[in-house]
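A look at the structure
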Amino acid sequence: MKIAGALLVLALMAGSAHAQDTDASRLATAREMIHAWKVADWRKVADLFAEDGSLKSMMLPPVNGREAIYARIAALGKGAPDGVTLDVAHIGVIDGLVFMERTDRFTYNGHPGAVPVVGVLDIRGGKVKEWREYYDRASLEKALKGEP
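What comes next concerns the included structure. (Residues numbered from 1 in each chain as written. Predicted model: local features only at pLDDT ≥ 70, side-chain atom pairs only at ≥ 80, totals over all residues. Heavy atoms only, no water.)

Section: the layout of surface pockets
Size it by volume and the largest pocket reaches roughly 540 Å³. Taken together, 25 residues line the largest pocket, and the ones lying closest to its centre are Trp 37, Ser 57, Leu 76, Asp 104 and Leu 140. Of all elements in the fold, only β1 (49-57), α4 (66-77), β3 (84-94), β4 (97-108), β5 (111-124), β6 (127-134) and α5 (137-144) reach the threshold of two or more residues within the lining of the largest pocket. Of the residues that constitute the lining of the largest pocket, the class distribution is 17 nonpolar, 2 polar and 6 charged. (1 Å grid on protein atoms, 1.4 Å probe; cavity = no way out; pocket = protein on both sides within 12 Å on 5 of 7 lines; lining within 4 Å. Points joined across faces, edges and corners; volume = space filled by probe spheres on them. Helix = DSSP H or I, 4+ residues; strand = E, 2+ residues; numbered from the N terminus. Nonpolar A, V, L, I, M, F, W, Y, C, P; charged D, E, K, R; others polar.)

In structure tokens, the structure reads:
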């Protein structure tokens with residue numbers, strides 16, 4: 001009987017990984033990500049992705065896998081050592097996905113800039129499985145150069 005009880009507890013614990021995926025837990029992970037960008041903790045940003053996670057800036061090829069995401073973000077982060085403020089205007093969960101309407105504010109290679117963005121995050125088990133970014137690429141490139 002003790003073995004059957006232990007197996008039941010283990011089965012319930014295994015199922016709880018899916019139970020963690022609540023709107024509140026997804027928003028908590030998104031807020032951890034927002035903070036990591038602000039404090040330029042590029043390792044934390046990458047670690048919040050699933051091992052096989054994907055970062056998709058819609059006008060660029062996707063970056064797949066946590067370490068590839070880290071390499072991309074850390075390289076960009078060299079130009080923004082003070083971090084990037086994700087100034088969120090609206091955040092919410094729709095059909096299990098986190099939507100963020102925001103303005104990203106940064107100083108990149110000495111040039112202050114800002115760009116409006118909508119991000120859609122698929123968060124499962126406390127990790128970002130996929131992050132899709134929608135923004136105007138030309139506006140971002142100008143902002144990175146400090147152009148109006």
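Brief notes about α4
Residues that lie three or four places apart on an α-helix share one face, since the helix turns once every 3.6 residues. Helix length check: α4, at 12 residues, gives a terminal C-alpha distance of 16 Å against a target of 16 Å (1.5 Å per residue), a fit within 8%. When α4 is considered as a whole, its buried residues turn out to be Arg 66, Ile 69, Ile 73, Ala 74 and Gly 77. An end-on view of α4 places all buried positions within 125° of arc, on one side of the element. In the core, the buried residues of α4 are packed alongside α2 (23-38), α3 (42-47), β1, β2 (63-64) and β6. (Expected span 1.5 Å × (residues − 1). Buried < 20%, exposed > 50% of the residue type's maximum accessible area, 1.4 Å probe, protein only. Arc of directions from axis to C-beta. Contact = heavy atoms within 4.5 Å.)

Structural notes on the pairing of β4
Burial along β4 is one-sided: Val 98, Met 100, Arg 102, Asp 104, Phe 106 and Tyr 108 are buried, while Leu 97, Phe 99, Glu 101, Thr 103, Arg 105 and Thr 107, pointing the other way, are not. Examined bridge by bridge, β3 and β4 share 10 bridges and lie antiparallel to one another. Across the sheet, Val 84 pairs through a bridge with Phe 106, a residue of β4. Counted along the chain from β3 to the antiparallel partner β4, the turn is 2 residues long, and its residue Asp 95 has a positive phi close to 50°. Two strands pair when backbone bridges link them, and β4 and β5 are joined in this way by 12 bridges, in the antiparallel orientation. Its bridge partner being in β5, Phe 106 is matched across the sheet by Gly 113. (Pairing = 2+ DSSP bridges.)

Section: the packing of aromatic side chains
Under the definition given, this model contains 3 aromatic pairs. Note on Trp 37 and Trp 131: the rings are 6.5 Å apart at their centroids and 80° apart in plane angle, and the pair reads as edge-to-face. On the criterion of sequence distance, the pair formed by Trp 37 in helix α2 and Trp 131 in strand β6 is long-range, its members being 94 residues apart. Relative accessible area serves as the criterion here: at 16%, Trp 37 is assigned to the buried category. Using a relative accessible area of 3% as the deciding quantity, one classes Trp 131 as buried. An angle of 20° between the planes, with centres 6.1 Å apart, marks the rings of Phe 49 and Trp 131 as stacked. Taken as a pair, Phe 49 in strand β1 and Trp 131 in strand β6 lie far apart in primary sequence, 82 residues in all. Pair check on accessibility: Phe 49 and Trp 131 agree, each one buried. Taken together through their ring pairs, the aromatic side chains of Trp 37, Trp 42, Phe 49 and Trp 131 make up a single cluster. Here the basic side chain of Arg 43 rests over the ring of Tyr 70, its NZ or CZ set 4.2 Å away from the ring centre. (Phe/Tyr/Trp six-rings, centres within 6.5 Å; stacked < 30°, edge-to-face > 60°. Lys NZ or Arg CZ within 6 Å of the ring centre and 35° of its normal.)

What to know about the sheet that holds β2
Across a sheet, strands are paired by hydrogen bonds formed along the backbone, either parallel or antiparallel in direction. With respect to topology, 6 strands assemble into an open sheet ordered β2-β1-β6-β5-β4-β3, the strand pairing being mixed. Either end of the sheet is taken by a strand with one partner, and the two such strands are β2 and β3. Direction of pairing for β1 relative to β6: parallel, over a ladder of 5 bridges. By the bridge assignment, Phe 49 is partnered in β6 with Val 128.

Function cannot be inferred from these measures alone, as they are strictly geometric.
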